[in-house]
Amino acid sequence: MPLFSRAPAALSRRGVSIILRRDIAIARPFHSFPPRAAIAHPVTAHGPPPKAPSAAPEFGEHTGQQDGRIESSLDSKAPQNRTAKPSPPKKRFWKNVDVNMKPEGDYQVLLDTRPVRTPTKDVLYIPPTKPHLAHLIALEWDVMTSAQQALKSHMIPLTSLAARAAEIVREDANGETIIREQIVKTAMRYLETDTLLCWVPAKDVYGVEEVNEDGQRPESLREAQIRAAKDIISFLSTKLWPGIEIKPILDTESILPMSQKQATKDIIEQWIVGLQAHDLAALERGVLASKSLLVAVRLVSEWSENFRHAQRPDRKKFGIEEAAEASSLEVKWQTDMWGEVEDTHDVNKEDLKRQLGSVIVLVSGETR
């Protein structure tokens, strides 16, 4: 018998694959198609893409028409009385900026005839003992080239700070304490990690002692921090809070800060609560700028018209440079050693001085 006679009777019509194994023919069907390559037709279309589909003309009465075009059904479902939100004017709408003194004695900054207002739409009034503040606010608005710049707080630092003080004045007149409580809570939180009280460890990790060209050891970062802190703490513990004890919060190998005594915190908190409106607003900005409650208190008490009893004309003023250096000693020490990063350290330094300068302008005044 032939070998292929053992193959199954039902075979595939398209073909058969026969495998011989021990005289047994095993049939496996397979499909065979003629190879056909894909044809890529060239792109012959020109011009803009086709327009989006629109509703049929017979449905125009349901969708509505505008300017001879049929609107989509999505637009027809929108409310017809919807109006676009007006964008702020790009150009300044005032020509002249003046300072006007009211019969009551307060100052106003006028944009032509319109007074400058606070974010709550109230007219911004400036106390009669602060004419320099009124004129500097007027200067902020006079150098603007567009009204949109008034929406940026860094363009109007004195206006925003005076508006903050005006809000506190309004709350005090109404018997409210919402803003005061917020500022006190924020300031006391910064006391727990005050920059002025965070000193580097006394022992050098690498055991290397640096020597300058004269053969003398330069002042270390820890020594500079202690020097700046002692001067400020000495003034605060004798002029503002007599007998108070302020200790460093990072003076050991531990990374966890140590809290001040409860009596110390109570005295400082009560002092902040009793501040005048403009001093309180200035203290808030000083704390946020310097990351130090003690530096901000020292700056406010040095320049405020309400703390003339603690100020001595024969002593060197604690000004912008001193406050900026005390609050950024570590950064200054590192940049003096390794150099500054352009457009980073120098910009941050000038911005810190700008904010501390606004604190001095807000709290200072002249005797009337």
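The structure displayed is predicted, hence computed values, not measured ones.

1. Notes on unusual backbone geometry
With a phi angle near 70 degrees, Lys121 is a residue other than glycine that sits in the positive phi range. With respect to the helices and strands, the residue Lys121 is situated in the loop between strand E7 (114-115) and helix H3 (131-142). Using a relative accessible area of 64% as the deciding quantity, one classes Lys121 as exposed. The residue Asp343 is not glycine, and still its phi comes out positive at about 65 degrees.

2. What about the environment of Gln149?
Counting through the fold element by element, Gln149 comes out in the loop between H3 and helix H4 (157-174). A relative accessible area of 18% places Gln149 in the buried class. Residues in contact with Gln149, not counting those within four places in the same chain, are Met144 and Met155. In terms of polar contacts, Gln149 uses its side chain to reach the side chain of Thr145, at 3.0 Å.

3. Notes on the environment of Cys198
The topology assignment puts Cys198 in the loop between helix H5 (178-191) and helix H6 (221-240). Each C-alpha atom of the pair Cys198 and Ala229 lies 9.7 Å from the other, and the pair is 31 residues apart in sequence. When residues no more than four places from it in sequence are discounted, the contact partners of Cys198 are Thr193, Gln225, Ile249 and Leu250.

4. Observations concerning a nonpolar patch on the surface
On the surface, a cluster of nonpolar side chains totalling about 260 Å² of accessible area is made up of Leu136, Leu139 and Val143. Within the secondary structure, Val143 is located in the loop between H3 and H4. Since its relative accessible area comes to 56%, Val143 is described here as exposed.

5. A few points about the sheet that holds strand E6 (residues 107-111)
Across a sheet, paired strands are connected by hydrogen bonds in the backbone, their directions being either parallel or antiparallel. If you walk across this open sheet you meet the three strands as E5-E6-E7, and the pairing is antiparallel. In this open sheet, the two edge strands, each paired with only one partner strand, are strand E5 (97-101) and E7. Two elements, E5 and E6, share five bridges in a ladder whose sense is antiparallel. Paired with Asn100 across the two strands is Gln108, which belongs to E6.

6. Some remarks on the packing of H4 against helix H12 (residues 345-363)
With their axes 10 Å apart at the nearest point, H4 and H12 run at an angle of 50 degrees to one another. On the basis of their axis angle, the class for H4 and H12 is oblique. For the element pair H4 and H12, the recorded crossing hand is right-handed. Only Arg354, Ser358, Val359, Val361 and Leu362 of H12 make contact with H4, whose side of the interface consists of Pro157, Leu158, Leu161 and Ala162. In the contact of H4 with H12, the residues fall into seven nonpolar, one polar and one charged.

Calculation rules
- Residues numbered from 1 in each chain as written.
- Predicted model: local features only at pLDDT ≥ 70, side-chain atom pairs only at ≥ 80, totals over all residues.
- Heavy atoms only, no water.
- Helix = DSSP H or I, 4+ residues; strand = E, 2+ residues; numbered from the N terminus.
- Buried < 20%, exposed > 50% of the residue type's maximum accessible area, 1.4 Å probe, protein only.
- Contact = heavy atoms within 4.5 Å.
- Polar contact = N/O pair within 3.5 Å; in protein donor to acceptor, adjacent residues only side chain to side chain.
- Patch = residues over 30% accessible without salt bridge, like charges linked within 9 Å, V, L, I, M, F, W, Y side chains within 5 Å.
- Areas by Shrake-Rupley, 256 points an atom, 1.4 Å probe, with all protein chains shown as cover.
- Salt bridge = Lys/Arg side-chain N within 4 Å of Asp/Glu carboxyl O.
- Pairing = 2+ DSSP bridges.
- Axes fitted to C-alpha atoms, helices over the stretch in contact; angles between N-to-C directions.
- Parallel < 35°, antiparallel > 145°, perpendicular 65-115°, else oblique.
- Left-handed = near helix turned anticlockwise from the far one by under 90°.
- Nonpolar A, V, L, I, M, F, W, Y, C, P; charged D, E, K, R; others polar.

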